[in-house]
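# Examining the three-dimensional arrangement
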Amino acid sequence: MSSEIKIAELFAGVGGFRLGLDGYHNEDEPAFELDSAGPFHTVWANQWEPGSDRRQFAARCYETRFGSKGFINEDIHEVLAKAERGEIEIPDVDMVVGGFPCQDYSVARTLSQADGIEGKKGVLWWDIYHFLQLKPGTRFCLFENVDRLLKSPASQRGRDFAIILSCLASLGYAVEWRVINSAEYGFSQRRKRVYIFAEKTQEAWDLAGRLNDGVMAHAFPIHRVEAWDEFEVLSDPAENSERFGIGKKVSQFKTAGVMQGCRVVTADVTANFDGPFHNLGDVLVFEDEVPDSFYVKDEELEQWKYLKGAKREARKNKKTGYEYTYSEGAMAFPDALDKPSRTILTGEGGRTPSRFKHVIQLPDGRYRRLVPDELDQLQGFPKGWTNAGMTDGNRAFCMGNALVVGIPHRVGKAMVSLYGL
């Protein structure tokens, strides 16, 4: 292998990308030992949860596990502004990774320069874009987002993703993307997310060929694609903001795609995985490790069943008096142990009955919620990873925001194979 791939991890959370790519080797914590995906080395990271110092529990966990060297717990927008002014130094890196929120990416031209763009304040994509502008030598990118990024907003289907693609194209990046449901590749949680891989290159990509033989297809095999759609995103992000997706009822972006120079090929793909599959039951801890507070009280059971059940009932808006019929379908109750779990959400913590929290039934008939050690493992973190001084509710919040660690790990291994890293 060649020299190491130096990585900057943005919006780092509790370190899912770093764990998946770098692995974990600390003689003081052998229970967390994980193999790396290749010659990856995270040299700089940023994590900031908006709010007070009390909200920085993910950052404290990250620092506990990986140390403070190269780690900054400040608003990334301010950090990049300081770097641009020369007040701090961010090291040069080969790769930038991060999971950023799905927001409104609409942009406008700046007044100061005709070809400039200006994004909405607080939209974290623009901090990624700014980072890549400050560090033009960055060769690779790997980003994660919810899959609705490909079709938002409803009024202009696909506009937001078109803006992102045009930004990357303007910096010389070619892009692959895939919507991956982790359960289809053997993981114990059904979690559907879009992953975006980019390479800065002057080499012309075979776009259609890359659908079947690129990094994403090597990492997550699919049934061979024989037909695809082709179109172009506009080269100016501001023009995409104004024009892309106008009049479209559905997004042009399918579950897989490749882009270079604003030219896009895209297709819906299906998983072709023949490895082992894992289920919710595979991550359960021994019952003597479960605190009493996680068991559902008998007097609360009916409320849990009501919230999980199908409904069609008359309701009235308390402010306006407007009457309407509210309906929703049933959810599994209890959650099946012989299937992958539902997606973990940030509200998984706390004992209050909820429609979306996981509840399992034990052989003796009792019901209980999942404990944080089980949530850690559903995301592919080692058992106890978030047990770093935070509350159980905050541990659940961190896992609701995290990614499945095995996804970047498999992407990294595909990069090693295809690029000879």
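Procedures and definitions
- Residues numbered from 1 in each chain as written.
- Predicted model: local features only at pLDDT ≥ 70, side-chain atom pairs only at ≥ 80, totals over all residues.
- Heavy atoms only, no water.
- Helix = DSSP H or I, 4+ residues; strand = E, 2+ residues; numbered from the N terminus.
- Rg over C-alpha atoms; globule rule 2.2 N^0.38 Å.
- Buried < 20%, exposed > 50% of the residue type's maximum accessible area, 1.4 Å probe, protein only.
- Contact = heavy atoms within 4.5 Å.
- Areas by Shrake-Rupley, 256 points an atom, 1.4 Å probe, with all protein chains shown as cover.
- Lys, Arg positive; Asp, Glu negative; His and termini not counted.
- Charge placed at Lys NZ, Arg CZ, Asp CG, Glu CD.
- Axes fitted to C-alpha atoms, helices over the stretch in contact; angles between N-to-C directions.
- Parallel < 35°, antiparallel > 145°, perpendicular 65-115°, else oblique.
- Left-handed = near helix turned anticlockwise from the far one by under 90°.
- 1 Å grid on protein atoms, 1.4 Å probe; cavity = no way out; pocket = protein on both sides within 12 Å on 5 of 7 lines; lining within 4 Å.
- Points joined across faces, edges and corners; volume = space filled by probe spheres on them.
- Salt bridge = Lys/Arg side-chain N within 4 Å of Asp/Glu carboxyl O.
- Phe/Tyr/Trp six-rings, centres within 6.5 Å; stacked < 30°, edge-to-face > 60°.
- Lys NZ or Arg CZ within 6 Å of the ring centre and 35° of its normal.

Broken down by element type, the chain carries twelve helices and 16 strands. A compact globule built from 421 residues would reach a C-alpha radius of gyration of about 22 Å, and the chain, at 22 Å, matches this within 12%. Across its three principal axes, the chain shows a C-alpha extent of roughly 65 × 60 × 45 Å. Sorting the 421 residues of the chain into buried and exposed places 52% on the buried side. Restricting the contact set of the chain to residue pairs at least 6 apart, pairs at least 24 apart contribute 71%. Carbon and sulfur atoms make up 47% of the accessible area of the chain, which amounts to about 19,600 Å² in all. For the chain, the separation between the mean place of its 52 positive charges and that of its 61 negative charges on side chains is 7 Å.

Right, let's talk about the packing of helix H3 (residues 76–84) against helix H4 (residues 125–134) for a bit. Close contact between H3 and H4 brings their axes to 10 Å; oriented N to C, the two are set at 20 degrees. By the angle between their axes, H3 is roughly parallel relative to H4. Of the two elements, H3 crosses H4, and the hand of that crossing is left-handed. Along the contact surface, H3 presents Ile76, His77, Leu80, Ala83 and Glu84, while H4 presents Asp127, His130, Phe131 and Leu134.

Empty space among the atoms becomes apparent when a probe as large as a water molecule is rolled across them. Considered as a void within the structure, the second largest pocket measures approximately 450 Å³ in volume. In terms of lining, the second largest pocket is formed by 26 residues, of which the most central are Phe187, His278, Gln377, Gly380 and Gly406. Going through the elements one at a time, helix H1 (16–22), helix H10 (372–378) and helix H12 (406–419) are the ones with two or more residues in the lining of the second largest pocket. Of the residues forming the lining of the second largest pocket, the biggest block, three residues, is contributed by H12.

Below, the discussion takes up the pattern of salt bridges. Two side chains of opposite charge can pair, provided their charged atoms sit close to one another. Going through the model one piece at a time under the given rule, you end up with 26 salt bridges. Among the ionic pairs, Asp376 bridges to Arg395, the shortest N-O distance being 3.0 Å. One end of the pair, Asp376, is in helix H10; the other, Arg395, is in helix H11 (residues 392–401), with 19 residues separating them in the sequence. Just as Asp376 is buried, Arg395 falls in that class too.

Turning next to the side chain of Arg210. Within the secondary structure, Arg210 sits in helix H6 (residues 207–213). Overall, Arg210 belongs to the buried group, its relative accessible area being 17%. Setting aside residues no more than four positions away along its own chain, Arg210 makes contact with Glu176, Phe197, Glu199, Trp205, Val215, Val258 and Tyr419.

Moving on: the environment of Gly172. Along the chain, the position of Gly172 falls in the loop between helix H5 (159–170) and strand E8 (173–181). Spatially, the C-alpha atom of Gly172 lies 11 Å from that of Thr138, the residues being 34 residues apart in sequence. Filtering out sequence-adjacent residues up to four positions away, Gly172 remains in contact with Glu199, Lys200 and Thr201.

On to unusual backbone geometry. Ser152 connects to Pro153 through a cis peptide bond whose omega is -5 degrees. Tracing the backbone through its elements, the reader meets Pro153 in the loop between strand E7 (140–146) and H5. Between Phe333 and Pro334 the backbone carries a cis peptide bond, its omega angle lying at -5 degrees. In this structure, Pro334 sits in the loop between strand E14 (323–328) and strand E15 (359–361). Although it is not a glycine, Cys262 adopts a positive phi angle of roughly 75 degrees. Locating Cys262 in the fold gives a position in the loop between strand E11 (256–260) and strand E12 (263–267). Owing to a relative accessible area of 8%, Cys262 belongs among the buried residues under this scheme.

All chains considered together, the criterion is met by 28 aromatic pairs. Between Tyr62 and Phe71, the ring centres sit 4.8 Å apart and the planes meet at 15 degrees, which makes this aromatic pair stacked. What makes Tyr62 buried here is its relative accessible area of 0%. By relative accessible area, which is 11% here, Phe71 ends up buried. A network of ring pairs unites the aromatic residues Tyr24, Phe32, Tyr62, Phe66, Phe71, Phe381 and Trp385 as a single cluster. It is Arg55 that lies over the ring of Phe397; its NZ or CZ is 5.3 Å from the centre.

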